[in-house]
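Spelled out from the first residue to the last, the chains are:
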Amino acid sequence: MAGTALKRLMAEYKQLTLNPPEGIIAGPKNEENFFEWEAIIIGPDGTPFDGGAFPVELIFPKDYPLSPPKMRFTCEMFHPNVYPDGRVCISILHAPGDDPLGYERSEERWSPVQSVEKILLSVVSMLAEPNPESGADVDASKMWRDNREQFCKIADRLVKKSLGLPH
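Presented here is an overview of the structure given in this document. (Residues numbered from 1 in each chain as written. Predicted model: local features only at pLDDT ≥ 70, side-chain atom pairs only at ≥ 80, totals over all residues. Heavy atoms only, no water.)

Observations concerning the overall build of the protein chain
From N to C terminus, the protein chain includes four helices and four strands. Counting from the amino terminus, helix and strand elements in the protein chain follow one another as α-β-β-β-β-α-α-α. Taken over the C-alpha trace, the protein chain has a radius of gyration of 16 Å; the compact-globule value for 167 residues is 15 Å, and the two agree within 12%. Along the three orthogonal principal directions, the C-alpha set of the protein chain runs to about 50 × 40 × 25 Å. (Helix = DSSP H or I, 4+ residues; strand = E, 2+ residues; numbered from the N terminus. Rg over C-alpha atoms; globule rule 2.2 N^0.38 Å.)

Below you can see the structure in the form of structure tokens.
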């Protein structure tokens with residue numbers, strides 16, 4: 001199984017290198033281990049995270065693509081769909097099949113047709129349009145809904161911090 005996963009990850013890495021999506025740089029942490037990746041996601045234009053450079057890590061299971069990778073921000077992040085420890089909470093990263101809580105349709109969840117590129121693009125979309133109803137960070141969800149100005153101030157501080165600027 002790990003051989004299949006490795007071939008798939010190598011092919012996805014090649015594709016990302018040849019045709020990188022705008023605002024995303026991604027690849028294995030080192031060529032010896034294709035199951036641990038790092039990426040930089042640039043905050044989308046016109047959003048509270050505009051222009052920030054946010055590092056993430058992806059850890060792939062040995063049965064990839066049957067199971068989704070784990071993903072987390074390795075920098076400080078304040079977002080409704082990111083747990084305080086940096087783990088990303090979006091449908092595409094949830095195990096395949098029906099949602100036991102009934103929030104997500106099975107077609108929104110992980111399936112082997114997904115890819116690293118689709119995951120990363122989903123995170124870019126998540127940065128642009130948080131889903132406060134699926135709150136991984138209750139404080140960020142509440143602030144996004146009730147005090148957008150304060151949320152944007154925190155996001156601006158995180159953007160500056162991600163770029164090594166005074167914040």
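What to know about the packing of aromatic side chains
Centre distance and the angle of the planes are the two values used to describe a pair of aromatic rings. Overall, the coordinates contain nine aromatic pairs when judged by the stated rule. Measuring from centroid to centroid gives 4.9 Å for Phe60 and Tyr64, while their planes differ by 75°, and the two rings are edge-to-face. What makes Phe60 buried here is its relative accessible area of 4%. Judged by centre distance (5.8 Å) and plane angle (40°), the rings of Phe78 and Phe151 are tilted. Taken together, the residues span a long stretch of sequence, with Phe78 in the loop between β4 (70-73) and α2 (116-128) and Phe151 in helix α4 (residues 148-162) at a distance of 73 residues. (Phe/Tyr/Trp six-rings, centres within 6.5 Å; stacked < 30°, edge-to-face > 60°. Buried < 20%, exposed > 50% of the residue type's maximum accessible area, 1.4 Å probe, protein only.)

Considerations on the sheet that holds β4
Taken together, the four strands give an open sheet; going across it, the order is β1-β2-β3-β4, and neighbouring strands pair in antiparallel fashion. Each edge of the sheet is formed by a strand with only one pairing partner; in this case those strands are β1 (24-30) and β4. Put simply, the sheet's adjacent strands are angled 25° from each other on average, direction ignored. Both β1 and strand β2 (residues 33-42) contribute to a ladder of six bridges, which runs antiparallel. Opposite Gly27, over in β2, you have Glu38 as the bridge partner. Most of the contacts of helix α1 (residues 2-18) go to β2, to which it runs at about 30°, and overall it touches β1 and β2. (Pairing = 2+ DSSP bridges. Axes fitted to C-alpha atoms, helices over the stretch in contact; angles between N-to-C directions. Contact = heavy atoms within 4.5 Å.)

Some thoughts on the pattern of salt bridges
The tally for this structure, following the rule as stated, stands at nine salt bridges. Between Arg157 and Glu76 there is a salt bridge; the shortest N-O distance is 2.8 Å. Taken together, the residues span a long stretch of sequence, with Arg157 in helix α4 and Glu76 in the loop between β4 and α2 at a distance of 81 residues. Here Arg157 falls in the partly exposed class, since its relative accessible area comes to 28%. Two residues, Lys153 and Glu149, come together in a salt bridge whose shortest N-O distance is 3.9 Å. (Salt bridge = Lys/Arg side-chain N within 4 Å of Asp/Glu carboxyl O.)

Focus on the nonpolar core
Counting 41 residues, the largest nonpolar core has Trp37, Met71, Phe73 and Leu120 as the members making the most contacts within it. Among the secondary structure elements, those contributing two or more residues to this core are α1, β1, β2, β3 (53-59), β4, α2, α3 (138-146) and α4. No other element matches α2, which puts seven residues into this core. Look past the residues within four positions of Leu120 in its chain and what remains in contact with it is Ile24, Ala26, Ala39, Ile41, Val56, Leu58 and Met71. (Core = buried A, V, L, I, M, F, W, Y, C linked by side-chain atoms within 4.5 Å.)

Quick notes on the layout of surface pockets
Taken as a whole, the second largest pocket spans an internal volume of roughly 250 Å³. Among the elements of the structure, β3 and β4 are those that each provide at least two residues to the lining of the second largest pocket. Per-element tally for the lining of the second largest pocket: the top contributor is β4, with three residues. When its residues are assigned to classes, the lining of the second largest pocket shows eight nonpolar, one polar and four charged. (1 Å grid on protein atoms, 1.4 Å probe; cavity = no way out; pocket = protein on both sides within 12 Å on 5 of 7 lines; lining within 4 Å. Points joined across faces, edges and corners; volume = space filled by probe spheres on them. Nonpolar A, V, L, I, M, F, W, Y, C, P; charged D, E, K, R; others polar.)

Concerning the side chain of Asn81
Position of Asn81 relative to the elements: it lies in the loop between β4 and α2. Separated by 2.8 Å, the side chain of Asn81 and the backbone oxygen of Asn131 make a polar contact. With residues up to four places along the chain from it excluded, the contact list for Asn81 reads Arg87, Val88, Cys89, Met126, Pro130, Asn131, Ser134 and Ala136. (Polar contact = N/O pair within 3.5 Å; in protein donor to acceptor, adjacent residues only side chain to side chain.)

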